[in-house]
Amino acid sequence: GLVAGYRRGWVDPVLMRAMDVLLAFPPLLFLLVLATGFGSSAAALIVGIAIVHMPGVARIVRTAALEVSVRGYVEAAVARGDRLATILRREILPNIVGTIVADAGPRFTVSILLVAAVNFLGLGISPPKADWALMISENRAGITINALSVLIPALMIGTLTVSLNMLADAIAGSLGTSIEVESLRR
C-alpha cells in the first residue's frame, strides 16, 4: 500500500503536488470561501487554518526529516533492523522537534492574524462571543470618540503575536535551533 508506494518513490511526489495546489490559494481567500460555504463557526475556522498551514508544515517536516535520515545513527538503526515507526519515534522526531517548534511561532502569528481578519470582516466568530477583532470591528465607528476601544484590542493582538513568537524562539533556542541575531549579522 502506502509504504510500498513510498519506497517506489511515487507517493512523495504525489503528496507534494497536492500540497503545491493548496499553496496556490491565498490563505485569507481560502478562509473567506470556507466561512461563506460552511458558516461562521469556530470549528470551520480551525479546520480552515489547519488546511492553510498543512502544506508549509509538511514541507518543513519533510525537509528536516530527510536531512536527519541520512545521519549515521539513523543508518545504524536501519542496519539493526528497527521498524520504521521506531526509527521515526526514537531517531528522527527528537532531532527535528526544534525545527518544528521554531516554525510554529510564525505560523501561530499568521493564524492569529488570519482569524482576526476573518472575524473583523464578520465571517468568522459572531457576537456575543468575545474576540479582539470583533471588538475592533464593532468600535471602529466610534474611534473619534473613544480611540482606546479600538487601540487596546489591536494592541492585545499585537502583544499576543509577539509573545508567541518570542516563546517559540526561546523554546527552539533551548533545543538548539533558534535564529540568533548574531548569526544573521554574519
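Here the residue index of a chain counts from 1 through its sequence in written order. Local features in a predicted model are, by the rule used here, given only for residues with pLDDT of at least 70; side-chain atom pairs are given and counted only at 80 or more, and totals for whole chains, interfaces and linings are based on all residues. Excluded from the side-chain calculation are hydrogens and water; included are all heavy atoms of the structure.

1. Concerning the packing of helix 6 (residues 84–120) against helix 8 (residues 148–175)
Heads up, the condition is: Interaxial angles span 0 to 180 degrees and are taken between N-to-C directions of axes, which are lines fitted to C-alpha atoms, for helices over the stretch in contact. Only runs of H or I of at least four residues qualify as helices and only runs of E of at least two qualify as strands under DSSP, and these elements are numbered from the N terminus. Our angle categories are set so that under 35 degrees counts as roughly parallel, over 145 as roughly antiparallel, 65 to 115 as roughly perpendicular, and the remainder as oblique. Throughout, a residue-residue contact means that at least one pair of heavy atoms, one from each residue, lies within 4.5 Å. Note that Gly is not counted as nonpolar here; it falls among the polar residues with everything else outside the nonpolar set of Ala, Val, Leu, Ile, Met, Phe, Trp, Tyr, Cys and Pro and the charged set of Asp, Glu, Lys and Arg.
Close contact between helix 6 and helix 8 brings their axes to 7 Å; oriented N to C, the two are set at 175 degrees. What the angle tells us is that helix 6 and helix 8 run roughly antiparallel. Where helix 6 abuts helix 8, its residues Val97, Gly98, Val101, Ala102, Gly105, Pro106, Phe108, Thr109, Ile112, Leu113 and Ala116 lie against Ile157, Leu160, Thr161, Leu164, Asn165, Ala168, Ile171, Ala172 and Leu175. Counted by class, the contact of helix 6 with helix 8 contains 15 nonpolar, five polar and no charged residues.

2. Structural notes on the layout of surface pockets
Counted only if it meets this: Using protein atoms alone on a 1 Å grid, points that fit a 1.4 Å probe yet trap it form a cavity, whereas open point sets bounded by protein on both sides within 12 Å along at least five of seven lines form a pocket; residues with an atom within 4 Å of a point count as lining. Grid points are joined across faces, edges and corners, and a volume is the space filled by probe spheres set on the points.
Taken as a whole, the second largest pocket encloses approximately 170 Å³ of empty space. Every residue lining the second largest pocket is counted, 14 residues in all, and those nearest its centre are Leu22, Phe25, Pro27, Val52 and His53. Contributing elements (two or more residues each) for the lining of the second largest pocket: helix 2 (11–24), helix 3 (27–38), helix 4 (42–69) and helix 6. A per-element tally of the lining of the second largest pocket places helix 4 first, with five residues. Of the residues belonging to the lining of the second largest pocket, the class tally is eleven nonpolar, two polar and one charged.

3. Notes on a nonpolar patch on the surface
Convention followed: What goes into a patch is any residue over 30% in relative accessible area without a salt bridge, connected to like charges within 9 Å or, for nonpolar side chains (Val, Leu, Ile, Met, Phe, Trp, Tyr), within 5 Å. All accessibility values rest on the Shrake-Rupley procedure with a 1.4 Å probe; residue burial counts only the protein chains present in the view. In the sections that follow, a salt bridge refers to a side-chain nitrogen of Lys or Arg positioned within 4 Å of a carboxyl oxygen of Asp or Glu.
A cluster of nonpolar residues, Trp132, Met135, Leu148, Leu151, Ile152, Met156 and Leu160, forms a patch on the protein surface that exposes about 600 Å² of accessible area. If you list the elements that add at least two residues to the nonpolar patch, you get helix 7 (132–139) and helix 8. For the nonpolar patch, the element with the highest residue contribution is helix 8, accounting for five residues. In this structure, Leu151 sits in helix 8.

4. Remarks on helix 7
Note the cut-off: Accessibility here uses a 1.4 Å probe with only protein chains present; expressed as a share of the type maximum, an area under 20% marks a residue as buried, one over 50% as exposed, and anything in between as partly exposed. This arc corresponds to the set of directions leading from the helix axis out to the C-beta atoms.
Ala133, Leu134, Ile136 and Ser137 are the residues of helix 7 that are buried. Considered in projection along helix 7, the buried side chains sweep an arc of 160 degrees and stay on one side of the axis. The inward-facing, buried residues of helix 7 contact helix 6 and helix 8.

5. Re empty space enclosed by the protein
Scanning the model with the defined rule gives one cavity of 30 Å³ or more in all. In terms of lining, the largest cavity is formed by Leu31, Leu34, Ala35, Gly39, Ser40, Ser41, Ala44, Leu45, Leu123 and Gly124. Sorting the residues of the lining of the largest cavity by element identifies helix 3 and helix 4 as the ones contributing at least two each. The leading source of residues in the lining of the largest cavity is helix 3, at three residues.

6. As for the side chain of Asp103
When you line up the elements, Asp103 lands in helix 6. For Asp103, a relative accessible area of 16% translates into the label buried. Asp103 has contacts with Val57 and Ile60, leaving out every residue within four places of it along the chain.

7. Some thoughts on the environment of Arg90
One can find Arg90 in helix 6. Given a relative accessible area of 55%, Arg90 falls into the exposed group. Taking the C-alpha atoms as reference points, Arg90 and Val74, 16 residues apart in sequence, are found 9.3 Å from one another.

8. Side note on the confidence of the model for the protein
Stated precisely, the cut-off is as follows: Residue-level confidence of the predictor, termed pLDDT, takes values from 0 up to 100.
In this model, the protein carries an average pLDDT of 81, and 88% of its residues clear a pLDDT of 70 or more. By mean pLDDT, the top-scoring element of the protein is helix 8 (88), and the lowest-scoring one is helix 9 (residues 181–185) (44). A low-confidence stretch, residues 181–186 (pLDDT under 50), is modelled with one contact involving residues beyond four sequence positions or located in other chains.

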